[in-house]
Amino acid sequence: MAKTGLGGLGLVVVPLLANVFGSKSSTGILLILLIMADFFGVYYYHRHAELKKIIQLMPSALVGIAMGVYIGDKISDLHFQILLGIIIASGAFMTFVKIDVKRNKRLSMLVGFLGGFITMVGNAAGPIMSIYFLSMGFEKNKFIGTAAWFFLFVNLIKVPFHIIFWKTINLEVFMFDIILFPLILIGALIGVWVVKKIPERPVSYTHLRAHETPEHRVWRGRGEKKKGGGGGGGGG
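Calculation rules
- By convention here, each chain's residues receive numbers from 1 onward along its written sequence.
- This being a predicted model, a pLDDT of at least 70 is required before a residue's local features are given, and a value of 80 or more before pairs of side-chain atoms are given or counted; all residues contribute to the totals for chains, interfaces and linings.
- The side-chain quantities take in all heavy atoms of the structure and omit both hydrogens and water.
- To count toward a patch, a residue needs a relative accessible area over 30% and no salt bridge; like charges are then connected within 9 Å, while nonpolar side chains (Val, Leu, Ile, Met, Phe, Trp, Tyr) are connected within 5 Å.
- Computed by Shrake-Rupley with a 1.4 Å probe, the accessible areas treat only the displayed protein chains as cover when residues are assessed.
- When a carboxyl oxygen of Asp or Glu is within 4 Å of a side-chain nitrogen of Lys or Arg, the pair counts as a salt bridge.
- What counts as a helix is a DSSP run of H or I of at least four residues, what counts as a strand is a run of E of at least two, and both are numbered from the N terminus.
- Two rings from Phe, Tyr or Trp (for Trp, the six-membered ring) form a pair when their centres are within 6.5 Å of each other. A pair whose planes differ by under 30 degrees is stacked, one over 60 is edge-to-face, and the rest are tilted.
- Two N or O atoms count as a polar contact when they lie within 3.5 Å, although within protein this holds only if one can serve as hydrogen donor and the other as acceptor, and sequence-adjacent residues are included solely when both atoms are side-chain atoms.
- Whether two residues are in contact is decided by their heavy atoms: any pair within 4.5 Å suffices.
- Every axis corresponds to a line fitted to the C-alpha atoms, with the helix fit spanning only the stretch in contact, and the corresponding angles, defined between N-to-C directions, vary from 0 to 180 degrees.
- Roughly parallel means an angle under 35 degrees; roughly antiparallel means over 145; roughly perpendicular covers 65 to 115; every other angle is labelled oblique.
- By convention, the crossing between two helices is left-handed when the near helix turns anticlockwise from the far helix through less than a right angle, and right-handed when the turn is clockwise.
- Here the term charged refers only to Asp, Glu, Lys and Arg, the term nonpolar to Ala, Val, Leu, Ile, Met, Phe, Trp, Tyr, Cys and Pro, and the term polar to all other amino acids, Gly among them.
- With a 1.4 Å probe rolled over the protein chains alone, any residue whose accessible area is under 20% of its type maximum counts as buried; one over 50% counts as exposed, and the rest are partly exposed.
- Under the convention used throughout, the expected extent of a helix is 1.5 Å for every residue step, that is, one less than its residue count.
- Consider a residue and the seven residues that end there alongside the seven that start there; fitting an axis to each set, the bend is the angle between those axes.
- We call a set of buried Ala, Val, Leu, Ile, Met, Phe, Trp, Tyr and Cys residues a nonpolar core when their side-chain atoms join them within 4.5 Å.
- Confidence of the prediction at every residue is given by pLDDT, a number between 0 and 100.

Engineer: What is the right way to look at a nonpolar patch on the surface in this model?
Structural biologist: On the surface, Tyr43, Tyr44, Phe181, Leu185 and Leu189 cluster together to form a nonpolar patch covering roughly 470 Å² of accessible area. Counting residues per element, the ones that place at least two in the nonpolar patch are α2 (23-45) and α9 (181-197). Considering each element in turn, the nonpolar patch owes the most residues, three residues, to α9. Tracing the chain through its elements places Leu185 in helix α9.

Engineer: Hey, could you run me through the packing of aromatic side chains in this one?
Structural biologist: Ring pairs (aromatic) are described by centroid distance and by the angle formed between their planes. Evaluation of the coordinates by the stated rule reveals 10 aromatic pairs. Of the aromatic side chains, those joined through ring pairs into one cluster are Tyr132, Phe133, Phe138, Phe150 and Phe151.

Engineer: Whenever I open this one, the side chain of Thr146 confuses me. Can you help?
Structural biologist: For Thr146, the position within the fold is in helix α7 (residues 140-166). Of note is the side chain of Thr146, whose polar atom sits 2.7 Å from the backbone oxygen of Lys142. Those residues in contact with Thr146, other than ones at most four positions away along the chain, are His48, Ala49, Glu50, Ile54, Phe133 and Phe138.

Engineer: Honestly, the packing of helix α6 (residues 126-135) against α7 in this entry has me stumped. Any pointers?
Structural biologist: Geometrically, a packed helix pair is captured by the angle between its two axes and the distance between the axes. Where α6 contacts α7, the axes come no closer than 10 Å and their chain directions differ by 135 degrees. By the angle between their axes, α6 is oblique relative to α7. Seen along the crossing, α6 lies across α7 with a hand that is right-handed. For the pair α6 and α7, the contacting residues are Gly126, Met129, Ser130, Phe133 and Leu134 in the first and Phe143, Thr146, Ala147, Phe150 and Phe151 in the second. Taken together, the residues of the contact of α6 with α7 break down into seven nonpolar, three polar and no charged.

Engineer: Is there a simple way to explain the packing of α2 against helix α4 (residues 77-93) in this structure?
Structural biologist: The N-to-C vectors of α2 and α4 enclose an angle of 60 degrees; their axes lie 8 Å apart at closest approach. One finds that α2 runs oblique with respect to α4. Contacts between α2 and α4 involve Ser23, Lys24 and Thr27 from the former and Asp77, Phe80, Gln81 and Leu84 from the latter. Residue classes in the contact of α2 with α4 are distributed as two nonpolar, three polar and two charged.

Engineer: When you look at the side chain of Asn155 in this model, what are you seeing that I'm missing?
Structural biologist: Mapped onto the fold, Asn155 is located in helix α7. At a separation of 2.6 Å, a polar atom in the side chain of Asn155 contacts the side chain of Asp38.

Engineer: What's the story with the environment of Val192 in this structure? I'm lost.
Structural biologist: You can see Val192 is positioned in helix α9. For Val192, a relative accessible area of 8% gives the class buried. A C-alpha to C-alpha distance of 8.6 Å links Val192 and Gly41, two positions 151 residues apart in sequence.

Engineer: Whenever I open this one, helix α3 (residues 51-74) confuses me. Can you help?
Structural biologist: Every α-helix carries 3.6 residues per turn, so stepping three or four residues along brings you back to the same face. Spanning 24 residues, α3 covers 34 Å between terminal C-alpha atoms, matching the ideal 34 Å at 1.5 Å per step. At Met58, α3 shows its strongest bend, of approximately 40 degrees, with the proline Pro59 following within four residues. Buried residues of α3: Lys53, Ile54, Leu57, Met58, Ser60, Ala61, Gly64, Ile65, Gly68, Val69 and Gly72, and no others. Its buried side turned inward, α3 meets α2, α4, α5 (105-122), α6 and α7.

Engineer: What should I look at first to understand the nonpolar core in this one?
Structural biologist: Nonpolar side chains in soluble globular proteins tend to be buried together. With 42 residues, the main nonpolar core has Ile118, Ile128, Met129, Tyr132, Phe133 and Phe150 as its most contacted residues. Those elements giving two or more residues to this core turn out to be α1 (10-21), α2, α3, α4, α5, α6, α7 and α9. Top contributing element to this core by residue count: α7, with seven residues.

Engineer: Quick question: what am I supposed to make of the confidence of the model for the chain here?
Structural biologist: Close inspection of predicted coordinates is inappropriate in any region flagged by low pLDDT. Overall, the predicted model of the chain reaches an average pLDDT of 81, with 75% of residues at or above 70. Here helix α11 (residues 214-229) is the element of the chain with the lowest mean pLDDT, 46, and helix α8 (residues 171-179) is the one with the highest, 96. Low pLDDT, under 50, characterises residues 202-220; the stretch is placed with 36 contacts to residues that sit more than four places away or in other chains. Across residues 222-227, where pLDDT falls below 50, the model places zero contacts with residues more than four positions away in sequence or in other chains.

Structure below.
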């Protein structure tokens, strides 16, 4: 579902797998699953991608991936766990960020770098990339298609680093993920079905709210109540 429409749901899986398999080991397990899902996203939305924007992001994303590989290889498992926790928390708070990058190439480079680094270390670049693509004003299918192609490219690039340097992907991990493939298929089909039901305008709202934690929903609800109450009884 995360790769065929409801992007924020992927952020929920990261801490769950980290808790079961360990922070660093879980990144390899999740990466193979994400690539399987990426292929579904590309299959359904490949015609709608903005490839020029992906090409613009790739150089800085590659630098971010390389930095993630180096740092992840040097730090201890405990520090990796802390770093992963910071990334997940930061990703959740990014739902409150609004940026305009249409005319800011430097900011685009920064987003590409952060996206590459975060996806390498935590497979959790969904929030920052969603904010970026939404700020470009993409319509629903172009938004999903561009994100699908971007993550397919970067995730395939990450595989050799996981195998050679981090040693988090091997035949055993691959076979384990193959067993889970039916769940990926079901989730992808559900995601496509849900997106078809979403009107063009609310798609950005749906993607960003899918990244929220329960605490964020409470805070947002309080803010909306204040706005409603401050209008002379409006919204009652």
